[in-house]
Amino acid sequence: ANRADELMNSLQHQIIIPSAKQTMRSSNVFLAIAAGFSSTAAFAPVLGSRGAVKTKTLWSAAASGPRRNIQTTCQLQSKVSSTKSSTSLRAAMPSLSTHCDDDLPLARDAMKFIDNSPDPFHVVQTAVEQLEEVGFVEWKVDDEIETGGKYYFTRNKSTLVAFSIGENYKPGKGFKIIGSHTDSPNLKVKPYSKRTTAKNGGASGAIQLGVECYGGGLWHTWFDRDLGISGRVFVNDKETGTIRQKMIKIDRPILRIPNLAIHLQTAKEREAFAVNKEDDLSPILAMAVKDSLTGGSTDDDSTKDEWQKKQEPLLVQMLAAELGVETEDILDFELNLFDVQTASLGGLHSEFVHSARLDNLASCFLSLRGLIDHVKGGGVQNDEDISMIAMFDHEEVGSSSATGAGSPIIGEAVKRINHALGAGADSPILYDRAIQRSLVLSVDQAHAVHPNYASKHEKNHGPVMNGGMVIKRNANQRYATNGVTGLIIRQLAKNAGLPPIQEFVVRNDCGCGSTIGPVISTATGMRAIDMGCPQLSMHSIRETMGVKDFTHGLALFKAFFSDFSAIDSKIEE
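About the criteria used
- Residues numbered from 1 in each chain as written.
- Predicted model: local features only at pLDDT ≥ 70, side-chain atom pairs only at ≥ 80, totals over all residues.
- Heavy atoms only, no water.
- Helix = DSSP H or I, 4+ residues; strand = E, 2+ residues; numbered from the N terminus.
- Buried < 20%, exposed > 50% of the residue type's maximum accessible area, 1.4 Å probe, protein only.
- Contact = heavy atoms within 4.5 Å.
- Areas by Shrake-Rupley, 256 points an atom, 1.4 Å probe, with all protein chains shown as cover.
- Core = buried A, V, L, I, M, F, W, Y, C linked by side-chain atoms within 4.5 Å.
- pLDDT = per-residue confidence, 0-100.
- Axes fitted to C-alpha atoms, helices over the stretch in contact; angles between N-to-C directions.
- Left-handed = near helix turned anticlockwise from the far one by under 90°.
- Nonpolar A, V, L, I, M, F, W, Y, C, P; charged D, E, K, R; others polar.
- Pairing = 2+ DSSP bridges.
- 1 Å grid on protein atoms, 1.4 Å probe; cavity = no way out; pocket = protein on both sides within 12 Å on 5 of 7 lines; lining within 4 Å.
- Points joined across faces, edges and corners; volume = space filled by probe spheres on them.
- Salt bridge = Lys/Arg side-chain N within 4 Å of Asp/Glu carboxyl O.
- Patch = residues over 30% accessible without salt bridge, like charges linked within 9 Å, V, L, I, M, F, W, Y side chains within 5 Å.
- Lys, Arg positive; Asp, Glu negative; His and termini not counted.
- Charge placed at Lys NZ, Arg CZ, Asp CG, Glu CD.

S.K.: Give a description of the overall build of the protein that names residues and reports values.
M.R.: When you go through the protein residue by residue, the secondary structure sums to 15 helices and 22 strands. For the protein, the residues scored as buried account for 48% of the 573 residues in total. If you take every contact in the protein between residues at least 6 apart in sequence, the share linking residues at least 24 apart comes to 76%. For the protein, the exposed area adds up to about 28000 Å²; of that, 49% sits on carbon and sulfur atoms.

Structural data, given as structure tokens:
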């Protein structure tokens with residue numbers, strides 16, 4: 001008892017009593033210590049089963065006499081504090097119901113859109129479904145259109161253009177265009193998917209797929225992730241004699257790229273973590289257990305054509321089973337890998353969205369929702385212009401393709417619309433007039449300041465997440481923004497009551513990326529601005545952006561569709 005009193009007097013404030021229901025005499029704790037208990041379990045009878053005690057270093061008190069040195073390096077911490085302590089802690093703890101609550105429904109809609117869209121084909125398919133729900137119809141080559149109408153068309157099933165025609169539109173009026181891109185860095189299955197030539201999988205016994213790097217990914221982030229496969233498959237329809245394109249999305253973890261164990265790497269290899277994109281990124285599909293996975297059919301190549309012989313049989317069988325077709329009916333495919341982990345909310349206040357492909361499906365989603373809300377809100381009735389969104393493929397590899405922003409798609413769309421609405425013989429003049437009255441928002445994600453690498457940003461131009469939309473500028477024309485287009489966007493944001501637009505400029509000693517703004521301006525002569533939502537981890541397999549920036553982006557895009565012409569008309573030519 002004397003030893004317990006000595007301990008109590010010296011360290012009485014380091015004990016937290018569990019709770020009102022489990023109140024106990026402090027002296028009992030010290031009696032237990034003085035008695036020489038040497039394990040956490042010994043405290044259970046004293047503290048009770050719900051005391052939840054964590055012990056870093058057990059108090060040790062000798063019962064032999066006061067000269068024994070007493071070790072007092074342990075703190076007992078209960079997960080359930082006393083009534084008074086609990087009240088104090090709850091008062092100090094920030095509320096989990098925060099200023100982000102109003103932004104969460106839109107963020108969850110965006111997360112669902114991204115989860116449903118692991119590749120450009122699914123992005124377009126998901127967008128078309130939403131457009132058709134609100135009355136948009138497909139515009140084919142020979143179809144007529146009319147003012148007040150809502151239309152869309154696609155190219156290669158990976159690029160989408162959708163637009164509404166103001167009821168007061170006349171040829172020569174402007175086009176309000178929001179451009180984005182449907183592609184993201186990923187691993188695509190090679191034309192010949194078979195990588196493992198040995199029937200038993202070689203030394204590892206593993207069957208792998210041949211994959212090709214698409215775009216500039218942070219490839220080290222693809223290791224040890226659960227990977228699915230998606231894209232489109234070309235299937236021979238024997239009944240009709242046609243070749244059908246079937247979408248496929250296998251969101252099960254059927255593939256994985258494992259890291260090499262640290263014990264098998266040299267210190268230099270561990271420090272560098274260099275990725276050989278040909279040798280190190282081949283995913284494992286299965287183990288080559290004889291006949292159990294192949295059904296014994298992989299050895300017979302006599303009935304296969306050359307393309308089929310070079311495909312991994314397990315892959316083709318899996319595709320056929322998913323689509324409900326025969327393996328011999330699969331004629332070709334375009335497939336890519338994706339992380340099957342779905343988007344999630346993060347941060348103490350759910351202020352972040354963690355997801356794959358935020359660059360640039362966040363922009364695709366916001367432009368799509370902006371156009372839909374513009375139409376549903378009656379924006380077409382008093383509109384004199386064309387409100388348009390364009391989602392291009394191949395931005396991550398330069399946009400120089402038949403479906404990229406460097407193609408004639410936008411220019412041809414303007415010509416077709418002018419002609420279909422009666423431009424007639426004056427079509428060239430009215431086309432030029434429409435070009436001069438138009439503006440393209442090239443919307444691609446922007447770099448938020450990384451807290452661990454803040455020095456990588458120009459110190460006066462560092463955007464932050466949840467702080468509003470970002471204008472991107474570059475004096476060397478890597479971005480298309482100029483004084484006029486930047487002013488228009490700042491005025492739109494101000495009139496809409498949004499946070500001040502943030503600005504991004506790269507450091508002079510740092511290279512600058514680019515996107516579709518300069519490409520579209522060069523191809524069409526339209527004014528353009530490059531902008532986007534701030535995010536972290538761009539081109540990682542999993543990226544982060546702010547929840548509130550979905551709200552900011554949508555509000556700005558709706559203001560663009562409704563108010564652009566009024567602001568533009570005030571600027572001196």
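S.K.: A description of the nonpolar core should follow, citing residues and the corresponding values.
M.R.: With 57 residues, the main nonpolar core has Leu 441, Ile 489, Phe 550 and Leu 556 as its most contacted residues. Non-local contacts of Leu 441, meaning those with residues more than four positions away in its chain, are made with Ile 177, Ile 178, Gly 179, Ile 489, Ile 529, Met 531, Phe 557 and Phe 560. Counting 34 residues, the second-largest nonpolar core is a separate cluster that includes Val 189, Trp 219, Ile 257 and Ala 286.

S.K.: I'd like a rundown of helix α14 (residues 516–524), residues and numbers included.
M.R.: Taken together, the buried positions of α14 are Ile 516, Gly 517, Pro 518, Ile 520 and Thr 524. Tucked into the core, α14 has its buried residues touching β6 (175–181), β15 (386–392), α11 (409–420), α12 (427–436), β16 (439–443) and β20 (527–532). Immediately beyond the C-terminal end of α14, within one or two residues, lies Gly 525, with a positive phi of roughly 85 degrees.

S.K.: Run through the confidence of the model for the protein, naming residues and quoting values.
M.R.: With 79% of its residues at a pLDDT of at least 70, the protein reaches an overall mean of 85. Predicted confidence for residues 12–87 stays below pLDDT 50, and this span has 103 contacts to residues more than four positions away or in other chains.

S.K.: How would you sum up the packing of helix α13 (residues 483–495) against helix α15 (residues 547–568)? Please name residues and give values.
M.R.: Between α13 and α15, the shortest axis-to-axis distance is 9 Å and the interhelical angle comes to 115 degrees. You can see that α13 and α15 cross each other, and the crossing is right-handed. Contact residues: α13 offers Ile 488, Ile 489, Gln 491, Leu 492, Ala 493 and Asn 495, while α15 offers Leu 556, Ala 559, Phe 560, Asp 563, Phe 564, Ile 567 and Asp 568. For the contact of α13 with α15, a count of residues per class yields nine nonpolar, two polar and two charged.

S.K.: Give a description of the pairing of strand β14 (residues 352–355) that names residues and reports values.
M.R.: Because side chains alternate across β14, one face comprises the buried residues Val 353 and Ser 355, and the other comprises Phe 352 and His 354, none of which is buried. In this sheet, β14 lies alongside strand β13 (residues 344–346) in antiparallel orientation, the contact comprising three bridges. Note that in β14 the partner of Ser 344 across the bridge is His 354. Counting the residues in the hairpin turn of β13 and β14 gives five residues, including Gly 347, whose phi is positive at 90 degrees.

S.K.: An account of unusual backbone geometry is requested, with residue identities and associated values reported.
M.R.: Look at the link from Asp 359 to Asn 360: it is a cis peptide, with omega at 15 degrees. One can find Asn 360 in helix α10 (residues 358–376). Although it is not a glycine, His 394 adopts a positive phi angle of roughly 65 degrees. Tracing the sequence through the fold places His 394 in the loop between β15 and α11. Given the relative accessible area of 22%, His 394 is considered partly exposed.

S.K.: With reference to specific residues and values, describe the layout of surface pockets.
M.R.: Considered as a void within the structure, the largest pocket measures approximately 860 Å³ in volume. The wall of the largest pocket is formed by 37 residues, among which His 447, Phe 504, Gly 511, Gly 513 and Met 538 lie closest to the centre. Of all the secondary-structure elements, those providing two or more residues to the lining of the largest pocket are α14 and β21 (534–536).

S.K.: An account of the sheet that holds strand β17 (residues 446–447) is requested, with residue identities and associated values reported.
M.R.: A sheet is described by the order of its strands in space; here five strands give the open sequence β13-β14-β22-β21-β17, paired in mixed fashion. The open sheet has two free edges, formed respectively by β13 and β17, since each of these has just one partner strand. Packed on one face of the sheet, helix α5 (residues 104–115) meets β13 and β14 and runs near 135 degrees to β13.

S.K.: Residues and numbers for the pattern of salt bridges, please.
M.R.: Scanning all chains against the criterion turns up 18 salt bridges. A salt bridge links Lys 173 to Glu 384; the nearest nitrogen and oxygen atoms lie 3.3 Å apart. Remark: Glu 384 occurs in the loop between α10 and β15 and Lys 173 occurs in the loop between β5 (159–165) and β6; sequence separation between them is 211 residues. For Asp 509, the salt bridge goes to Arg 507, with nearest N and O atoms at 2.7 Å. The class of Asp 509 is exposed, set by a relative accessible area of 58%. Arg 507 gets classed as partly exposed once you look at its relative accessible area, which sits at 31%. Each of the salt bridges in this network shares a partner with another, and the network as a whole consists of Lys 190, Arg 195 and Glu 278.

S.K.: With reference to specific residues and values, describe a negative patch on the surface.
M.R.: Taken together, the side chains of Glu 129, Glu 132, Glu 133, Glu 138, Asp 142, Asp 143 and Glu 144 present a region of like negative charge at the surface. Element by element, the count of residues in the negative patch is highest for helix α6 (residues 120–133), at three residues. Considering the arrangement of structural elements, one finds Asp 142 in the loop between β3 (137–138) and β4 (150–155).

S.K.: Report on the sheet that holds strand β18 (residues 470–472), specifying residues and quantitative values.
M.R.: Across a sheet, strands are paired by hydrogen bonds formed along the backbone, either parallel or antiparallel in direction. Across the sheet, nine strands lie side by side as β3-β4-β5-β15-β6-β16-β20-β18-β19; this open sheet has mixed pairing. If you trace the sheet from one side to the other, it starts and ends with β3 and β19 (502–504), each paired once. Here α6 sits on the sheet in contact with β4, β5 and β15, set at roughly 20 degrees to β5. Helix-sheet contacts for α13 involve β16, β18, β19 and β20, and the interaxial angle to β20 is about 55 degrees.

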